[in-house]
Amino acid sequence: MIQSVECYVKNIVREKVNELLKNNHSIDYGRRKLVIANWKMNLPHEDITQFLKLITDIEIQDSVVICPPYPYLLSIKGVIEDLSLKIALGAQNVHWEEKGAYTGEVSATMLENIGCEFVIVGHSERRMSGETNEMINRKVVEALSKGIQPIICVGETKQERELELTNQVVKKQVTETLAEVNDFSRIVIAYEPIWAIGTGESATPEQAVEVHKVIRTTLEEISGNMGKNVPILYGGSVKASNARKFGAMEAIDGVLVGGASLVVDDFKSIIQAFV
Ligand code: PGA
């Protein structure tokens, strides 16, 4: 009896995953506008369908990615399909190994199996708990090998900025997290100054552009022409009230948004600043 219930559940899960994979739409690669929501450990599950329903009334052109907590990924994928939303799904982290005894971790294969197209790696909140450039690099390589686009976060602390080390720190982060990478067509970089994350004090668009130029030059140094197409986003206290200023900058291809992506009207205004 227990076995047949288990088989029944497995079959339902398998069918659902196959159905989702069939319907999986893909975003075009290359330099493009991207607005990415990093929901972190927020938003109760029951609020999500309502949230997604409320963004159906604005135009979204394959430019929006939502990164919810792991347990919601599959059900959100279902809601996105049901509402025919042109929104892609991203995870907030991934492990670098394909499988094994890694309690609490999730592999790129698992993310790929449920139709996840993006994954955030190297967020400063994870670097703070010991994630190094080398570990992030392994995650990037593993994600790419499964066709998932890594969103690599880089950025300096307040102290590093005050010591005028920003360019040096960011250049090192970009170079080391992209070691051994040959396929730049699926890379996304997010410049997120740590002092601007969740503080309400964003960088100015001019400060962001200056660092974006350093990142672009670094990408071109390590990848030649391929680096020209990598989208470079800004993140750190992006709000409805400042999104247009970032959107007006040629060097800023989009934004990675935390707090303001949880408020549907604010998130809609931010999306509209980039379409
Ligand atoms: P914030 O977070 O928009 O709340 O500053 C950004 C991020 O952590 O990616």
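Draft legend 1. Representation of the packing of helix 6 (residues 133-145) against helix 8 (residues 166-177) within the structure. Direction vectors running N to C along helix 6 and helix 8 enclose 45°, while the axes themselves pass 8 Å from each other. The angle between helix 6 and helix 8 places the two elements in the oblique class. Two secondary-structure elements touch here, helix 6 through Asn 133, Ile 136, Asn 137 and Val 140 and helix 8 through Lys 172, Gln 173, Glu 176 and Thr 177.

Draft legend 2. How the structure looks around the site of the ligand. Surrounding the ligand, one finds 13 residues, the nearest of these being Lys 40, His 123, Glu 192, Gly 198 and Ser 237. Contacts to the ligand include His 123, whose side-chain N or O atom sits 2.7 Å from an oxygen atom. At 2.9 Å from an oxygen atom of the ligand is found a main-chain nitrogen or oxygen belonging to Gly 259. Burial of the ligand by the protein amounts to 95% of the accessible area it has alone, namely 280 Å². Considered class by class, the residues forming the shell around the ligand number four nonpolar, seven polar and two charged.

Draft legend 3. Focus on the pairing of strand 4 (residues 118-121). Here strand 4 shows two buried faces, one formed by Phe 118 and Ile 120 and the other by Val 119 and Val 121. With two bridges connecting them, strand 3 (residues 87-91) and strand 4 associate as parallel partners. Within the sheet, the bridge partner assigned to Ala 91 lies in strand 4 and is Val 119. In the classification by handedness, the crossover that spans strand 3, the intervening helix 4 (residues 108-113) and the parallel strand 4 is right-handed. In this structure, strand 4 lies alongside strand 5 (residues 149-154), joined through four bridges in parallel fashion. Note that in strand 5 the partner of Val 121 across the bridge is Ile 152.

About the criteria used
- All residue numbers here refer to positions counted from 1 along the written sequence of the relevant chain.
- Totals for whole chains, interfaces and linings use every residue, but because this is a predicted model, local features are given only for residues with pLDDT of at least 70 and side-chain atom pairs only at 80 or more, for both listing and counting.
- Side-chain measures were taken over the full set of non-hydrogen atoms in the model, leaving aside hydrogen atoms and water.
- All axes here are fitted lines through C-alpha atoms, helices being fitted over the stretch that makes contact, and every angle between N-to-C directions spans 0 to 180 degrees.
- Helix and strand definitions follow DSSP, with helices as H or I runs of at least four residues and strands as E runs of at least two, each counted in order from the N terminus.
- Here is the rule for angles: anything less than 35 degrees is roughly parallel, anything more than 145 is roughly antiparallel, 65 through 115 is roughly perpendicular, and the remaining ranges are oblique.
- The contact criterion used is simple: two residues touch if any of their non-hydrogen atoms lie within 4.5 Å.
- One heavy atom within 4 Å of a molecule or strand makes the whole residue count as near it.
- Polar contacts here mean pairs of N or O atoms no more than 3.5 Å apart (in protein, one a potential hydrogen donor and the other a potential acceptor; neighbouring residues in sequence count only if both atoms are side-chain atoms).
- The Shrake-Rupley method, run with a 1.4 Å probe, gives the accessible areas here. Residue values count only the displayed protein chains as cover.
- In the scheme used here, Gly and all other residues not listed as nonpolar or charged are polar, with Ala, Val, Leu, Ile, Met, Phe, Trp, Tyr, Cys and Pro taken as nonpolar and Asp, Glu, Lys and Arg as charged.
- Categorising residues by exposure relies on relative accessible area from a 1.4 Å probe, with only protein chains included: less than 20% of the type maximum marks a residue as buried, more than 50% marks it as exposed, and the intermediate range marks it as partly exposed.
- Note: two strands are recorded as paired if DSSP finds a minimum of 2 bridges between them.
- When the strands point away from the viewer and the path from the first strand over the helix to the second turns clockwise, the crossover is right-handed.

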